[in-house]
Amino acid sequence: METEIRILNKPHDEQLQRWFAPLLEHGSTFAGPNLDTQLAFLHTARGELPMTVNEAEWGNSYTLSPWTHYITYGAQETTLLPSKLLQTLAVGLLAGLGKWLRRAEFNRVVMVNNWLLSTNPWPAWPIGLVPESIATLVKSYPDHAIIFRSLNEIESAGLIHELRSAGARLIPSRQVWYYPADSALVKRSRVYRQDLRLLHDDAFIWKRNDQLTAADFPRLAQLYHQLYVEKYSACNPQFSAAWLQHLWQQELMEFTALADDKGTLVGVEGACLLNGVLTSPIIGYDTALPRELGLYRRLAVLPIKAARERHLPLNLSAGVGHYKGLRGGEPVMEYMAVYDQHLPARRRWPWAVIEAISTYGMAPLVKRLRL
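It should be emphasised that the depicted structure is a prediction, and the values quoted were computed from it without experimental measurement.

Caption draft 1: Highlighting helix α5 (residues 157-165). Three or more residues of α5 are buried, namely Leu-159, Ile-160, Glu-162 and Leu-163. Seen from one end, α5 has its buried residues packed into an arc of 165 degrees, which puts them on one side. Exposed side chains of α5 directed beyond 90 degrees from the buried face belong to His-161, Arg-164 and Ser-165. On its buried face, α5 is in contact with α4 (129-140), β5 (145-152), β6 (169-179) and β12 (330-339). Looking at the residues trailing α5, positive phi occurs at Gly-167, about 105 degrees.

Caption draft 2: Looking closely at the side chain of His-69. Relative to the helices and strands, His-69 is located in helix α2 (residues 66-77). Side-chain polar atoms of His-69 contact the backbone oxygen of Ser-173, separated by 3.2 Å. The contacts of His-69, once residues within four sequence positions are left out, are Tyr-62, Gly-74 and Ser-173.

Caption draft 3: Spatial organisation of the sheet that holds strand β8 (residues 254-259). Across the sheet, 12 strands lie side by side as β1-β2-β3-β4-β5-β12-β6-β11-β10-β9-β8-β7; this open sheet has mixed pairing. If you trace the sheet from one side to the other, it starts and ends with β1 (6-8) and β7 (205-207), each paired once. Pairing between strand β9 (residues 265-274) and strand β10 (residues 277-285): 7 bridges, direction antiparallel. Looking at β10, one finds that Glu-269 is bridged to Ile-283. Packing of helix α12 (residues 345-369) onto the sheet brings it into contact with β4 (109-112), β5, β6 and β12, and relative to β6 it is tilted by some 35 degrees.

Caption draft 4: Here's a closer look at the packing of helix α1 (residues 14-26) against helix α9 (residues 241-249). Between α1 and α9, the least distance of the axes is 10 Å, while the angle of their chain directions is 150 degrees. If you check the angle between α1 and α9, you find them roughly antiparallel. Here α1 and α9 pass one another in a crossing that is right-handed. Within the contact between the two elements, α1 uses Arg-18, Trp-19, Pro-22 and Leu-23 and α9 uses Trp-243, His-246 and Leu-247.

Caption draft 5: The pairing of β6, seen in detail. With 11 of 11 residues buried, β6 lies mostly within the body of the structure. Note: β6 against strand β11 (residues 314-315), 2 bridges, orientation antiparallel. In the sheet register, Tyr-178 faces β11, and the bridge partner there is Asn-315.

Caption draft 6: View of the nonpolar core. Grouped together as the largest cluster of nonpolar side chains are 35 residues, with contacts concentrated most on Trp-19, Phe-20 and Phe-255. Elements supplying a minimum of two residues to this core: α1, β2 (38-44), α8 (217-232), α9, β8 and β9. Among the elements that take part in this core, α8 stands out by supplying 6 residues, more than any other. Excluding its chain neighbours within four sequence positions, the residues that come into contact with Phe-255 are Lys-207, Arg-208, Asn-209, Leu-212, Phe-217, Leu-244, Trp-248, Val-268, Glu-269, Gly-270 and Ile-282. By size, the runner-up hydrophobic cluster in this structure holds 30 residues, among which are Phe-148, Ile-160, Leu-170 and Ala-363.

What counts as what
Residues numbered from 1 in each chain as written. Predicted model: local features only at pLDDT ≥ 70, side-chain atom pairs only at ≥ 80, totals over all residues. Heavy atoms only, no water. Buried < 20%, exposed > 50% of the residue type's maximum accessible area, 1.4 Å probe, protein only. Helix = DSSP H or I, 4+ residues; strand = E, 2+ residues; numbered from the N terminus. Arc of directions from axis to C-beta. Contact = heavy atoms within 4.5 Å. Polar contact = N/O pair within 3.5 Å; in protein donor to acceptor, adjacent residues only side chain to side chain. Pairing = 2+ DSSP bridges. Axes fitted to C-alpha atoms, helices over the stretch in contact; angles between N-to-C directions. Parallel < 35°, antiparallel > 145°, perpendicular 65-115°, else oblique. Left-handed = near helix turned anticlockwise from the far one by under 90°. Core = buried A, V, L, I, M, F, W, Y, C linked by side-chain atoms within 4.5 Å.

In structure tokens:
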């Protein structure tokens, strides 16, 4: 039986081959301009995991860049603080912290199980695989911090325990909204039932996954960009039309679009199933249209409905917590585990500071505000 853990430049796994084929051929920015990385794959006897390897790339999406996650995105999120004084102090603190993190090569990282999505559910890992995997990663990337993203106590409690036992830091990164399979909270949600009724009115035309064509994807990418990049943050992945089209053609992501009575596409939702958990990384709509049309409500209810119909758990990522909570979502803290014991002290200190700020500052705040 094969037991060796090793790093591959190209995957053996069929799903990984289909998912990453155009990136391996054309480079990672095929997926989007702020997704600049090198791909590698962690091969074990129990399967393979995609990895992203970075050196600096300060303008990358937060899904690749911890500097963007904590500094650029963090500065934008200071507007949620309850007073102007706190906002001003936080911006100044982050500016100084950001300079230090750059000098400490904070973006020199390997991220394990990174599918270039905001949410990356983990497969079940057998006990004992973590120490071997970390040893292999440290040997292959001695100058990089090793990061395990998208961990939470519902999906990956055992992995979290093993990573902590192996010496990794467990750093709160954000609060996500989780819907267990056949959730009783969703079933009881009056707001969820109201949203379902919107799906059956005649205000818009639904275009299902098999009704879409390749010609639709420039517009669908534009709608995603309007919401996630222009309205929310340029720190989010700026997915290209070619990448979304690839995921659709390979049946790796299922898309649903909304069109008006003239046939113009005005909304999109895309969902994918990874390691038994449904996620919805793509949602967008024409933000110039009136809010009263309920475009977001119509689109955001689709993954909740799909998860119930397929008896699957749903991880609906972070953001708009009040909205997701009213529809039966349960808040769960998401963590990144960072292994840095092999690095010099000047590289470890920034992670220690981020760990303290996130544990004692960020995490209690997002829980209290239900972000």
